[in-house]
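A look at the structure
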Amino acid sequence: HQLEFIRERPDVQVASVIARMATDDAADLVVEIDQDRRARILALLPGAQRRQIEALLGYNPSTAGGLMSPEFIGLGPGEQVSAAVEKVSASDLAPGTLTTVYVINSGGALSGSVFIVTLLRSDSGLRLDEVAEREPVSVSTDADLPEVARMMTDYNLVMLPVLDGEGRMVGVVTVDDVLELTLPSGWRRGFGLVRD
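Below you will find a few notes about this structure. (Residues numbered from 1 in each chain as written. Predicted model: local features only at pLDDT ≥ 70, side-chain atom pairs only at ≥ 80, totals over all residues. Heavy atoms only, no water.)

**Let's talk about the sheet that holds strand β2 (residues 100–104)**
Two strands in a sheet stick together by hydrogen bonds in their backbones, pointing the same way (parallel) or opposite ways (antiparallel). Taking strand neighbours across the sheet as the criterion, the 4 strands line up as β1-β2-β3-β4 in an open arrangement whose pairing is mixed. Each edge of the sheet is formed by a strand with only one pairing partner; in this case those strands are β1 (74–75) and β4 (133–134). Looking at chain direction, β1 and β2 are connected through 2 bridges and run parallel. Opposite Gly74, over in β2, you have Tyr102 as the bridge partner. (Pairing = 2+ DSSP bridges. Helix = DSSP H or I, 4+ residues; strand = E, 2+ residues; numbered from the N terminus.)

**Describing the pattern of salt bridges**
Opposite charge on two side chains permits pairing when their charged atoms draw close. Tallied over the full model, the rule gives 6 salt bridges. Across the pair Asp129 and Arg127 runs a salt bridge, and its minimum N-O distance is 3.1 Å. Taking the relative accessible area as the measure of exposure, Arg127 reaches 37% and is therefore partly exposed. Each of Asp11, Arg37 and Arg40 takes part in a single network of salt bridges with overlapping partners. (Salt bridge = Lys/Arg side-chain N within 4 Å of Asp/Glu carboxyl O. Buried < 20%, exposed > 50% of the residue type's maximum accessible area, 1.4 Å probe, protein only.)

**What to know about the nonpolar core**
As a rule of thumb, soluble globular proteins bury nonpolar side chains together. Counting residues in hydrophobic clusters, the biggest one holds 31 residues, and the most contacted among them are Ile18, Ile53, Val139, Val148, Leu160 and Val173. Considering each element in turn, this core owes the most residues, 5 residues, to helix α10 (residues 145–154). The contacts of Val173, once residues within four sequence positions are left out, are Ala64, Leu67, Met68, Val148, Met152, Val158, Met159, Leu160, Val162 and Val178. In this structure, Ala84, Leu98, Val103 and Val131 belong to the second largest nonpolar core, which totals 15 residues. (Core = buried A, V, L, I, M, F, W, Y, C linked by side-chain atoms within 4.5 Å. Contact = heavy atoms within 4.5 Å.)

**So, the packing of α10 against helix α11 (residues 175–182)**
Two quantities define a packed helix pair, namely the angle between the axes and the distance from one axis to the other. One can describe the packing of α10 onto α11 by two numbers: an axis separation of 11 Å at closest approach and a directional angle of 125°. Taken together, the axes of α10 and α11 lie oblique to each other. Of the two elements, α10 crosses α11, and the hand of that crossing is left-handed. Between α10 and α11, the residues in contact are Leu145, Val148, Ala149 and Met152 and Val175, Val178, Leu181 and Thr182, respectively. For the contact of α10 with α11, the class distribution of residues is 7 nonpolar, 1 polar and no charged. (Axes fitted to C-alpha atoms, helices over the stretch in contact; angles between N-to-C directions. Parallel < 35°, antiparallel > 145°, perpendicular 65-115°, else oblique. Left-handed = near helix turned anticlockwise from the far one by under 90°. Nonpolar A, V, L, I, M, F, W, Y, C, P; charged D, E, K, R; others polar.)

Below is the structure:
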């Protein structure tokens, strides 16, 4: 339906719709647009969103980099639990995908993770590094889909941090994105999720 909509609408309308989408979903849709039209539509997007989409388009779509969303909550280890709860409350990230706050050191490296539930149950004056799980599971941007799915399954994760070649956290893969690619198309078709 999205592709039909795009074909029938002017670039300005398409850019307006894409601007309201989650960045990873927007990148998935943009990649389906003809190359010459893609550049025109990207030019109409707000600068920050355009840069994020272009960064995602630079990854192979079947790797963690291509699957990830660059939208996550990352805070410094010295931040207090109360500040983290405030950031979560103010966030416009989808509630179903916001399960974890990531602890990021000054160099951008992932140093811990805290479930939202843990934040809510912790003393508000504690620092994140006092409540965080150390050495959280993560994958590199070039991890393939089977590796991502295996890691998420083995560790029972709904969000998996993605690190670049320098070890900096650049995004998260969410379980819905993995399921979309791993469920058999016949099953999805049976539930009206794909057209023949």
